[in-house]
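The residues making up each chain are set out below.
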Amino acid sequence: MNNKTNIHFLTISAILLALPYTAQALPLLPVPLTLGDISGSYTLSSWDYNCQCYQSDYQTFTGPIAHSNTLPLGPVIGSFTVTTSPTPTINGTATLIGGVANVFGGEYPLQEGASMYTAMNYSFEITGPTATASVLVNAQGGMSITSLIPNTNATAAVTLQIYDVSNGPATVNEIHQVGPSSGSSDSFTIARDYTFSTNTLYHVDMMASLSGAVYGSNTLSLSAFIDPSFTIDGPNAGDYGIFFSDGFGPSPVPIPAALPLFTTGLGALGLLGWRRKQKSAALTA
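### Here's the deal with the nonpolar core
- Phe124, Ile126, Leu160, Phe196 and Phe230 are the most contacted members of the largest nonpolar core, which totals 50 residues.
- Those residues in contact with leucine 160 that lie beyond four places of it in its chain are Ala139, Val172, Asn173, Glu174, Phe188, Ile190, Val204, Asp205, Met206, Ile226 and Pro228.

Laid out in structure tokens, this is it:
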């Protein structure tokens, strides 16, 4: 490459690099996404007859949240986490450790309770060149109850439903609950491809709940969680895009708008150099 070509290369490169570093505009979706929503409540409570003391931790919430607390009258231990990105997740646990208080020569049981309920919903849409797309759905959900009390009245449940808002039954429909009559634990795992229609609005509904109480010298542990994710699958996955409600799921990563132009400029300069060398070779032959 001679000096004149070097000057051309540096000049064009400087112009291309000086272009604004702007994100590539995302495509307009045929069906507008709906806003995601999270709502729930959380309660821990403990009553000690010995000191006539009552403690509680109660709150309602909307949006992502992480919370944990221990009430010393027992104790009662509870925690839950609700996240929306990069993977929407609900996870709650509670442990109730009971006891007996001696009051006026008699024994009185401690009374403890816990409950958690969280519902999350959001939407997604797939864009691409064909009417359908293959999507790998990975999801795990589970719940458990561990107690020294046979047939305790505690319950735990999780739900995952994915459905086309305009037509037909749910594509994914997982509803699970454990309690006195259904056993102490249950879980599900999804790792398979589903066919979804493109340019179609789908809703994802998630729910996790647990509740229980202990009296006297007993213990109770509860848990419930759910964690789905979605990935375009197949040999032509790059031709499709999946978009979620704002703040839910992974965010699309746009490329710099100047990058394709810069690459095109480098290609043009390479071609120019090649043609100059061919011309120079022909003159000296």
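This is not the end of the story, as more comes after the structure.
### Overview of the environment of threonine 95
- The residue threonine 95 is located in strand S5 (residues 89–97) in this model.
- Every residue in contact with threonine 95, bar those within four places of it in the chain, is listed here: Pro75, Val76, Ile77, Leu220 and Ser221.

### Overview of unusual backbone geometry
- Serine 85 connects to proline 86 through a cis peptide bond whose omega is 0°.
- Take proline 86: it is sitting in the loop between strand S4 (76–83) and S5.
- Here asparagine 199, not a glycine, exhibits a phi torsion of approximately 55°, which is positive.
- In this structure, asparagine 199 sits in the loop between strand S12 (185–197) and strand S13 (202–215).

### A closer look at the pairing of strand S2 (residues 53–62)
- Alignment of strand S1 (residues 37–48) against S2, held across 10 bridges, turns out to be antiparallel. Residue pairing in the sheet places serine 41 in a bridge with threonine 60 of S2.
- Hairpin connection of S1 to S2: four residues between the antiparallel strands, including glutamine 52 at a positive phi of 55°.

### What about the packing of aromatic side chains?
- Following the criterion strictly, the structure yields 12 aromatic pairs and no others.
- Seen from their ring centres, phenylalanine 124 and phenylalanine 196 are 5.5 Å apart, and the 75° between their planes marks the pair as edge-to-face. Taken together, the residues span a long stretch of sequence, with phenylalanine 124 in strand S8 (residues 111–127) and phenylalanine 196 in strand S12 at a distance of 72 residues.
- The exposure class of phenylalanine 196 is buried, given its relative accessible area of 0%.
- Its relative accessible area of 0% is what places phenylalanine 124 among the buried residues.
- Following the ring pairs from residue to residue traces out a cluster consisting of Tyr122, Phe124, Tyr194, Phe196, Tyr202, Phe230, Phe244 and Phe248.
- Its end group placed over the ring of tyrosine 194, arginine 192 keeps NZ or CZ at 4.0 Å from the ring centre.

### Some remarks on the side chain of asparagine 218
- Tracing the sequence through the fold places asparagine 218 in the loop between S13 and strand S14 (219–232).
- In this structure the side chain of asparagine 218 is engaged in a polar contact, spanning 2.6 Å, whose partner is the backbone oxygen of tyrosine 215.
- If near-sequence neighbours (up to four positions away) are discounted, asparagine 218 is found in contact with Leu96, Ile97, Gly98, Leu148 and Ile149.

### A look at the environment of proline 64
- Relative to the elements of secondary structure, proline 64 occurs in the loop between S2 and strand S3 (65–71).
- Linking proline 64 and serine 85, residues 21 residues apart in sequence, is a C-alpha distance of 9.3 Å.
- Those residues in contact with proline 64, other than ones at most four positions away along the chain, are Ile38, Val82, Thr83 and Thr84.

### Some thoughts on the pairing of S13
- Along S13, 10 of the 14 residues are buried, which leaves the element largely enclosed by surrounding structure.
- As paired strands, strand S10 (residues 155–164) and S13 are joined by 10 bridges and run antiparallel to one another. The residue of S13 that forms the bridge with leucine 160 is methionine 206.

About the criteria used
- Residues numbered from 1 in each chain as written.
- Predicted model: local features only at pLDDT ≥ 70, side-chain atom pairs only at ≥ 80, totals over all residues.
- Heavy atoms only, no water.
- Core = buried A, V, L, I, M, F, W, Y, C linked by side-chain atoms within 4.5 Å.
- Buried < 20%, exposed > 50% of the residue type's maximum accessible area, 1.4 Å probe, protein only.
- Contact = heavy atoms within 4.5 Å.
- Helix = DSSP H or I, 4+ residues; strand = E, 2+ residues; numbered from the N terminus.
- Pairing = 2+ DSSP bridges.
- Phe/Tyr/Trp six-rings, centres within 6.5 Å; stacked < 30°, edge-to-face > 60°.
- Lys NZ or Arg CZ within 6 Å of the ring centre and 35° of its normal.
- Polar contact = N/O pair within 3.5 Å; in protein donor to acceptor, adjacent residues only side chain to side chain.

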